[in-house]
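# What the coordinates show
Read off the chains here:
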Amino acid sequence: MKKRKSCQVGHRKCWSISQWVSIVLLLSTSCNGRTSRTISCGLHNKQRTWNRRCSSFVPCDKIQSKRKRAKPSLVGQYLFFRKAEKPVLRRRTWNVPEFAVDELSKGEAEFPYRIELEYDEDATISSKSTKEMGRTLTLRYLEVEDLPSVMPMCIREFANGETAGIMDFPLDDLKFSSISDWVDKLMFEPVVGLAMWLKIQRRKLGEDPDDSAIPDDSILCLLQDDQIVGIIELSRQPLDAERNPPPYPIPMFLKELMCESKDVPMPVAWVTNLLIDDNYRGLGYGKLLMIAIEGLARSWGLESVYLHTQADSVSGVVPQSLYFGMGYKPVESSKSLEKYSWMGPEHMSINGLCIVEGVPLLFLRKDLRSD
């Protein structure tokens, strides 16, 4: 196999049409910021309302006592002061073999990776869940021909199942907000589709042994009996807790320039867009995708992975349970503690808290060397 050149040379060589398109779209097309924000956040980071003008948090007991006198603030409604509900989990009659988990987690698996599930005789489960859990799973890279089947799942999750066409223009309501919402719905599907197409092309550049480009963006998909039931993305991004990874792939040398300008470490492994089809949740597929993506990061030679997840103790209880159970820990920052000191000392005990584009998130990290 031809020996790869240094990454520095590869940065100059790997310019392509898809990367020029990425930069142009990143600079010119924002769709009011909402579409680009949504597709970079993933399952664990749905859009939520945030009231920046609140000078302090309102504890739950005070909201309860003042309910008759005043309407609860958005902070009290949507943040992390509500009692967490336990996630609904279903026992499975078919389990992933231990050797498959070991190969995936160590980065030794080659994609596509086929998994023959083992039958668990001790499990008790309803016939419905038995039907939903297939006997054969396949992990592989997302390809261009998969986009038509993945797009409906993205629309249901990120756009609340709503899209729009040219004929849906709000002629009866020409307010700016109405037109803006129509543009968002109109552009969502082509923008997300183009972003995924560009990432697929960027991944293929990193796989080419005759190209000096290093792998820095890949989307894995999980198939049950040849049907895509989940996706997850891994990319190299500058270590900045207060920004989401851009929706379009950016050449590595630009990422390194961003790191140098902000005086932050070189691009690190960043997990985004963990998405499981509604009909297949609660079967452990999210954890399987996380194990596979951590193994992919190890195969890239990376020592840790980072991600954002919802800070809300209700809507975020399932992803938080998944990540904390897999060994992810909050990333504490003295800068964040100083920036969000207006929240009050009683709420600053929430480690890893950050506000990204008006959304309260937890910034988590896992050290891959400790596993």
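Residues numbered from 1 in each chain as written. Predicted model: local features only at pLDDT ≥ 70, side-chain atom pairs only at ≥ 80, totals over all residues. Heavy atoms only, no water.

## Some words on the pattern of salt bridges
Considering all chains together, one arrives at 16 salt bridges under this definition. The shortest N-O distance in the salt bridge between Asp240 and Lys262 comes to 3.2 Å. Here Lys262 lies in helix α10 (residues 252–262) and Asp240 lies in the loop between β6 (227–237) and α10, a separation of 22 residues in the sequence. Take Lys262: its relative accessible area is 46%, and that puts it in the partly exposed class. Through salt bridges with shared partners, one network takes in Glu143, Arg203 and Lys204. (Salt bridge = Lys/Arg side-chain N within 4 Å of Asp/Glu carboxyl O. Helix = DSSP H or I, 4+ residues; strand = E, 2+ residues; numbered from the N terminus. Buried < 20%, exposed > 50% of the residue type's maximum accessible area, 1.4 Å probe, protein only.)

## Notes on α10
Note that an α-helix has 3.6 residues per turn; residues three or four places apart therefore point the same way. Turning to α10, its buried residues number three or more, namely Met252, Lys255, Glu256 and Cys259. Along α10, the residues classed as buried sweep out an arc of 100 degrees about the axis, all on the same side. Following α10 by one or two positions, Asp263 has its phi on the positive side, about 55 degrees. (Arc of directions from axis to C-beta.)

## A short note on empty space enclosed by the protein
What the rule picks out here adds up to four cavities of 30 Å³ or more. Of the voids in this model, the second largest cavity is the one considered here, and its volume is about 50 Å³. Lining the second largest cavity are twelve residues, with Lys199, Glu233, Gln237, Pro245 and Pro246 sitting closest to its centre. Breaking the lining of the second largest cavity down by element, the ones donating at least two residues are β6 and β7 (268–276). A per-element tally of the lining of the second largest cavity places β6 first, with three residues. Residue composition of the lining of the second largest cavity, by class: four nonpolar, five polar and three charged. (1 Å grid on protein atoms, 1.4 Å probe; cavity = no way out; pocket = protein on both sides within 12 Å on 5 of 7 lines; lining within 4 Å. Points joined across faces, edges and corners; volume = space filled by probe spheres on them. Nonpolar A, V, L, I, M, F, W, Y, C, P; charged D, E, K, R; others polar.)

## Let's talk about the packing of helix α6 (residues 98–105) against helix α11 (residues 285–299)
The interhelical angle for the contact between α6 and α11, taken along N-to-C directions, is 40 degrees, at an axis separation of 7 Å. For the element pair α6 / α11, the angle class is oblique. Only Leu288, Ile291, Ala292, Glu294, Gly295 and Arg298 of α11 make contact with α6, whose side of the interface consists of Val101, Leu104 and Ser105. Of the residues belonging to the contact of α6 with α11, the class tally is five nonpolar, two polar and two charged. (Axes fitted to C-alpha atoms, helices over the stretch in contact; angles between N-to-C directions. Parallel < 35°, antiparallel > 145°, perpendicular 65-115°, else oblique. Contact = heavy atoms within 4.5 Å.)

## Here's the deal with the environment of Glu332
With respect to the element layout, Glu332 can be found in the loop between β9 (329–330) and α13 (334–339). With 32 residues separating them along the chain, Glu332 and Leu364 place their C-alpha atoms 9.0 Å apart.

## Points about the confidence of the model for the chain
For the chain, the average pLDDT comes to 75, and 64% of its residues sit at 70 or higher. α11 holds the highest mean pLDDT among the elements of the chain, 96, whereas helix α5 (residues 74–78) holds the lowest, 32. Confidence drops under a pLDDT of 50 for residues 1–14, and excluding neighbours within four residues, the segment shows 29 contacts in the predicted structure. Throughout residues 125–132 the model reports pLDDT below 50, and contacts reaching past four residues in sequence, or to other chains, amount to 14 contacts. (pLDDT = per-residue confidence, 0-100.)

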